[in-house]
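# Structural characterization, general
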Amino acid sequence: MREAMTFEDAAWAVDRIRRVEGRLQASRLAANRLTVEIPWMDEVNAFTAPGGYIYFSRRLYEVCATDEQVAFVVAHEIAHHDLDHVALFHGWADKIARLPGAALFALFFHGLERLVYGPQKECDADRHGLDLCISAGYEGLRRLELFDILEQHALNVGDFDIVYGPDAESDDELDENASWTTKAQIWAWQKKRGYLPIRDRKQMLRKHFEAKHLGSLSKSSKLPSGGG
Ligand SMILES: [Zn+2]
(Lines give C-alpha, C1' and ligand atoms only; values in the text may rest on other atoms or scores of the structure.)
Protein backbone atom coordinates (compact mmCIF):
# COMPACT_ATOMS: atom_id res chain seq x y z
CA MET A 1 0.00 0.00 0.00
CA ARG A 2 2.79 2.39 0.93
CA GLU A 3 4.47 1.81 -2.42
CA ALA A 4 1.30 2.40 -4.41
CA MET A 5 -0.33 5.25 -2.53
CA THR A 6 0.48 8.58 -0.96
CA PHE A 7 -0.71 8.89 2.63
CA GLU A 8 -1.54 12.16 4.35
CA ASP A 9 1.13 13.10 6.87
CA ALA A 10 0.39 16.78 7.58
CA ALA A 11 0.36 17.45 11.31
CA TRP A 12 -3.19 18.90 11.44
CA ALA A 13 -4.63 15.84 9.72
CA VAL A 14 -2.66 13.24 11.67
CA ASP A 15 -3.27 14.97 15.01
CA ARG A 16 -7.01 15.03 14.45
CA ILE A 17 -7.29 11.41 13.36
CA ARG A 18 -5.13 10.15 16.27
CA ARG A 19 -7.22 12.20 18.70
CA VAL A 20 -10.48 10.76 17.37
CA GLU A 21 -9.34 7.13 17.02
CA GLY A 22 -7.85 7.30 20.54
CA ARG A 23 -11.03 8.66 22.09
CA LEU A 24 -13.27 6.13 20.34
CA GLN A 25 -11.05 3.22 21.43
CA ALA A 26 -9.96 4.48 24.87
CA SER A 27 -11.46 1.49 26.67
CA ARG A 28 -9.82 -1.12 24.42
CA LEU A 29 -6.53 -2.91 24.89
CA ALA A 30 -3.78 -1.43 22.70
CA ALA A 31 -3.49 -4.73 20.81
CA ASN A 32 -7.16 -4.53 19.81
CA ARG A 33 -7.13 -0.96 18.54
CA LEU A 34 -7.39 -0.07 14.88
CA THR A 35 -5.26 2.59 13.22
CA VAL A 36 -6.67 5.01 10.67
CA GLU A 37 -4.65 5.87 7.56
CA ILE A 38 -5.56 8.66 5.13
CA PRO A 39 -4.65 7.80 1.53
CA TRP A 40 -4.88 10.49 -1.13
CA MET A 41 -7.84 9.11 -3.08
CA ASP A 42 -10.44 11.05 -5.06
CA GLU A 43 -13.25 8.81 -3.87
CA VAL A 44 -15.28 10.22 -0.98
CA ASN A 45 -15.26 7.01 1.02
CA ALA A 46 -13.74 4.93 3.78
CA PHE A 47 -13.28 1.20 4.20
CA THR A 48 -11.85 -1.51 6.38
CA ALA A 49 -11.00 -5.19 5.94
CA PRO A 50 -9.29 -7.87 8.07
CA GLY A 51 -6.18 -6.47 9.73
CA GLY A 52 -5.50 -3.48 11.95
CA TYR A 53 -6.32 -0.62 9.60
CA ILE A 54 -9.12 1.67 8.54
CA TYR A 55 -8.63 3.69 5.35
CA PHE A 56 -10.27 7.09 5.23
CA SER A 57 -9.92 8.87 1.89
CA ARG A 58 -8.34 12.30 1.95
CA ARG A 59 -11.28 13.68 -0.07
CA LEU A 60 -13.78 12.55 2.56
CA TYR A 61 -11.48 13.62 5.38
CA GLU A 62 -11.18 17.17 4.11
CA VAL A 63 -14.96 17.69 3.96
CA CYS A 64 -15.42 16.58 7.57
CA ALA A 65 -15.47 19.88 9.44
CA THR A 66 -15.63 18.54 12.99
CA ASP A 67 -14.19 15.74 15.13
CA GLU A 68 -17.72 14.39 15.44
CA GLN A 69 -18.06 13.88 11.70
CA VAL A 70 -14.66 12.17 11.54
CA ALA A 71 -15.64 10.05 14.56
CA PHE A 72 -18.78 8.73 12.89
CA VAL A 73 -16.86 7.58 9.81
CA VAL A 74 -14.21 5.87 11.96
CA ALA A 75 -16.78 4.33 14.33
CA HIS A 76 -18.74 2.87 11.40
CA GLU A 77 -15.55 1.09 10.28
CA ILE A 78 -14.71 -0.06 13.83
CA ALA A 79 -18.23 -1.49 13.97
CA HIS A 80 -17.49 -3.74 10.98
CA HIS A 81 -14.75 -5.31 13.15
CA ASP A 82 -16.79 -5.42 16.37
CA LEU A 83 -19.69 -7.10 14.56
CA ASP A 84 -17.29 -9.49 12.79
CA HIS A 85 -18.39 -8.38 9.33
CA VAL A 86 -14.75 -8.43 8.19
CA ALA A 87 -14.86 -12.24 8.41
CA LEU A 88 -16.84 -12.13 5.16
CA PHE A 89 -13.62 -11.15 3.39
CA HIS A 90 -11.91 -14.42 4.20
CA GLY A 91 -13.20 -16.14 1.08
CA TRP A 92 -11.85 -13.28 -1.00
CA ALA A 93 -8.46 -12.81 0.60
CA ASP A 94 -6.60 -15.19 -1.73
CA LYS A 95 -7.85 -13.45 -4.85
CA ILE A 96 -7.51 -9.85 -3.78
CA ALA A 97 -4.22 -10.12 -1.89
CA ARG A 98 -2.43 -10.71 -5.21
CA LEU A 99 -3.70 -7.48 -6.75
CA PRO A 100 -1.26 -4.58 -6.97
CA GLY A 101 -1.79 -2.08 -4.15
CA ALA A 102 -3.26 0.64 -6.35
CA ALA A 103 -5.81 -1.71 -7.94
CA LEU A 104 -6.76 -3.09 -4.54
CA PHE A 105 -7.35 0.40 -3.22
CA ALA A 106 -9.41 1.40 -6.24
CA LEU A 107 -11.58 -1.69 -5.77
CA PHE A 108 -12.21 -0.96 -2.12
CA PHE A 109 -12.83 2.71 -2.65
CA HIS A 110 -15.36 1.98 -5.36
CA GLY A 111 -17.54 0.34 -2.78
CA LEU A 112 -16.28 -3.25 -2.45
CA GLU A 113 -16.88 -3.01 1.29
CA ARG A 114 -20.56 -2.28 0.80
CA LEU A 115 -20.99 -5.00 -1.79
CA VAL A 116 -19.33 -7.59 0.45
CA TYR A 117 -21.12 -6.55 3.64
CA GLY A 118 -24.51 -5.77 2.09
CA PRO A 119 -27.15 -3.21 3.09
CA GLN A 120 -28.24 -4.93 6.32
CA LYS A 121 -24.74 -5.03 7.76
CA GLU A 122 -24.13 -1.46 6.63
CA CYS A 123 -27.18 -0.38 8.67
CA ASP A 124 -25.96 -2.42 11.64
CA ALA A 125 -22.54 -0.73 11.36
CA ASP A 126 -24.22 2.70 11.25
CA ARG A 127 -26.17 1.98 14.44
CA HIS A 128 -23.26 0.39 16.32
CA GLY A 129 -20.99 3.21 15.13
CA LEU A 130 -23.42 5.80 16.48
CA ASP A 131 -23.48 3.93 19.82
CA LEU A 132 -19.66 4.00 19.96
CA CYS A 133 -19.63 7.74 19.29
CA ILE A 134 -22.21 8.45 21.99
CA SER A 135 -20.25 6.29 24.48
CA ALA A 136 -17.12 8.31 23.64
CA GLY A 137 -19.00 11.52 24.43
CA TYR A 138 -19.50 12.81 20.88
CA GLU A 139 -22.95 14.11 21.68
CA GLY A 140 -23.04 16.67 18.88
CA LEU A 141 -23.30 13.71 16.59
CA ARG A 142 -27.04 13.72 17.14
CA ARG A 143 -27.29 16.30 14.35
CA LEU A 144 -25.99 13.69 11.90
CA GLU A 145 -24.38 16.45 9.83
CA LEU A 146 -22.11 14.00 8.07
CA PHE A 147 -25.10 12.84 6.04
CA ASP A 148 -25.78 16.40 4.86
CA ILE A 149 -22.17 16.60 3.67
CA LEU A 150 -22.41 13.25 1.87
CA GLU A 151 -25.67 14.38 0.33
CA GLN A 152 -24.16 17.64 -0.89
CA HIS A 153 -21.27 15.77 -2.43
CA ALA A 154 -23.61 13.31 -4.17
CA LEU A 155 -25.71 16.17 -5.55
CA ASN A 156 -22.57 17.92 -6.79
CA VAL A 157 -21.56 14.87 -8.78
CA GLY A 158 -25.13 14.35 -10.02
CA ASP A 159 -25.92 11.15 -8.12
CA PHE A 160 -29.54 11.87 -7.24
CA ASP A 161 -30.49 8.24 -6.64
CA ILE A 162 -28.07 7.83 -3.77
CA VAL A 163 -29.61 10.85 -2.04
CA TYR A 164 -33.28 10.05 -2.43
CA GLY A 165 -33.44 6.33 -3.09
CA PRO A 166 -36.24 4.62 -5.02
CA ASP A 167 -38.97 6.70 -3.41
CA ALA A 168 -38.19 10.40 -3.17
CA GLU A 169 -41.33 10.98 -1.09
CA SER A 170 -40.32 8.73 1.76
CA ASP A 171 -37.26 8.71 3.99
CA ASP A 172 -38.69 5.88 6.05
CA GLU A 173 -37.87 3.00 3.79
CA LEU A 174 -35.56 1.42 6.36
CA ASP A 175 -38.18 1.62 9.10
CA GLU A 176 -38.84 -1.77 10.67
CA ASN A 177 -42.55 -1.03 10.54
CA ALA A 178 -42.57 -0.22 6.83
CA SER A 179 -44.84 -2.38 4.69
CA TRP A 180 -43.35 -5.48 3.11
CA THR A 181 -43.72 -3.97 -0.36
CA THR A 182 -41.67 -0.96 0.74
CA LYS A 183 -39.09 -3.27 2.26
CA ALA A 184 -38.96 -5.37 -0.90
CA GLN A 185 -38.52 -2.25 -3.00
CA ILE A 186 -35.63 -0.93 -0.93
CA TRP A 187 -34.05 -4.37 -0.70
CA ALA A 188 -34.04 -4.76 -4.49
CA TRP A 189 -32.66 -1.28 -4.97
CA GLN A 190 -29.92 -1.77 -2.42
CA LYS A 191 -28.92 -5.10 -3.90
CA LYS A 192 -28.55 -3.42 -7.26
CA ARG A 193 -26.64 -0.42 -5.95
CA GLY A 194 -24.87 -1.97 -2.99
CA TYR A 195 -25.53 1.34 -1.28
CA LEU A 196 -28.18 2.84 0.92
CA PRO A 197 -29.95 6.08 0.05
CA ILE A 198 -28.42 8.80 2.22
CA ARG A 199 -31.73 10.23 3.42
CA ASP A 200 -33.03 6.83 4.49
CA ARG A 201 -29.79 6.11 6.34
CA LYS A 202 -30.05 9.40 8.17
CA GLN A 203 -33.68 8.83 9.09
CA MET A 204 -32.94 5.29 10.27
CA LEU A 205 -30.14 6.62 12.51
CA ARG A 206 -32.26 9.46 13.85
CA LYS A 207 -34.84 6.92 15.01
CA HIS A 208 -32.16 4.71 16.52
CA PHE A 209 -30.78 7.72 18.37
CA GLU A 210 -34.20 8.72 19.70
CA ALA A 211 -35.05 5.18 20.79
CA LYS A 212 -31.75 4.34 22.42
CA HIS A 213 -29.94 7.51 23.49
CA LEU A 214 -32.23 10.49 23.76
CA GLY A 215 -33.58 9.56 27.20
CA SER A 216 -30.19 8.97 28.83
CA LEU A 217 -28.65 12.08 27.30
CA SER A 218 -31.43 14.40 28.39
CA LYS A 219 -31.41 12.90 31.89
CA SER A 220 -27.69 13.53 32.29
CA SER A 221 -27.72 17.01 30.78
CA LYS A 222 -28.17 20.09 32.91
CA LEU A 223 -30.81 21.62 30.70
CA PRO A 224 -34.09 22.39 32.43
CA SER A 225 -36.68 19.73 31.80
CA GLY A 226 -39.42 20.51 29.32
CA GLY A 227 -42.00 20.28 32.07
CA GLY A 228 -42.96 16.74 31.10
ZN1 LIG B 1 -19.56 0.08 5.94
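Everything that follows concerns the structure shown earlier in this document.
Residues numbered from 1 in each chain as written. Predicted model: local features only at pLDDT ≥ 70, side-chain atom pairs only at ≥ 80, totals over all residues. Heavy atoms only, no water.

## Observations regarding the nonpolar core
In this structure, Leu24, Phe56 and Val74 are the most contacted members of the largest nonpolar core, which totals 41 residues. When residues of this core are traced back to their parent elements, those giving at least two are α1 (11-24), β3 (53-56), α2 (58-63), α3 (67-82), α5 (101-135), α6 (145-156), α7 (160-164) and α9 (198-212). No other element matches the seven residues that α3 contributes to this core. With 15 residues, the next largest nonpolar core counts Met41, Ala49, Ile96 and Tyr117 among its residues. (Core = buried A, V, L, I, M, F, W, Y, C linked by side-chain atoms within 4.5 Å. Buried < 20%, exposed > 50% of the residue type's maximum accessible area, 1.4 Å probe, protein only. Helix = DSSP H or I, 4+ residues; strand = E, 2+ residues; numbered from the N terminus.)

## Details of unusual backbone geometry
In this structure, Asp84 is a non-glycine residue whose phi angle is positive, near 60°. Its place among the elements puts Asp84 in the loop between α3 and α4 (93-97). Judged by its relative accessible area of 51%, Asp84 falls in the exposed class. Even without being glycine, Leu144 reaches a positive phi, approximately 50°. With respect to the element layout, Leu144 can be found in the loop between α5 and α6. Overall, the relative accessible area of 6% leaves Leu144 in the buried class.

## A look at the pattern of salt bridges
As a working rule, side chains carrying opposite charge can pair if their charged atoms are close by. Scanning the entire structure with this criterion turns up 12 salt bridges. Note that Arg18 is salt-bridged to Glu21, the shortest N-O span being 2.9 Å. Taken together, the residues span about one helical turn, with Arg18 and Glu21 both in helix α1 at a distance of three residues. (Salt bridge = Lys/Arg side-chain N within 4 Å of Asp/Glu carboxyl O.)

## Focus on α3
If you check α3, its first and last C-alpha atoms are 21 Å apart, about what 16 residues at 1.5 Å a residue would give, namely 22 Å. Among the 16 residues in α3, 13 count as buried, and that is most of the element. Looking one or two residues beyond α3, the residue adopting positive phi is Asp84, at roughly 60°. (Expected span 1.5 Å × (residues − 1).)

Without other data, these values stay purely geometric and don't point to any function.
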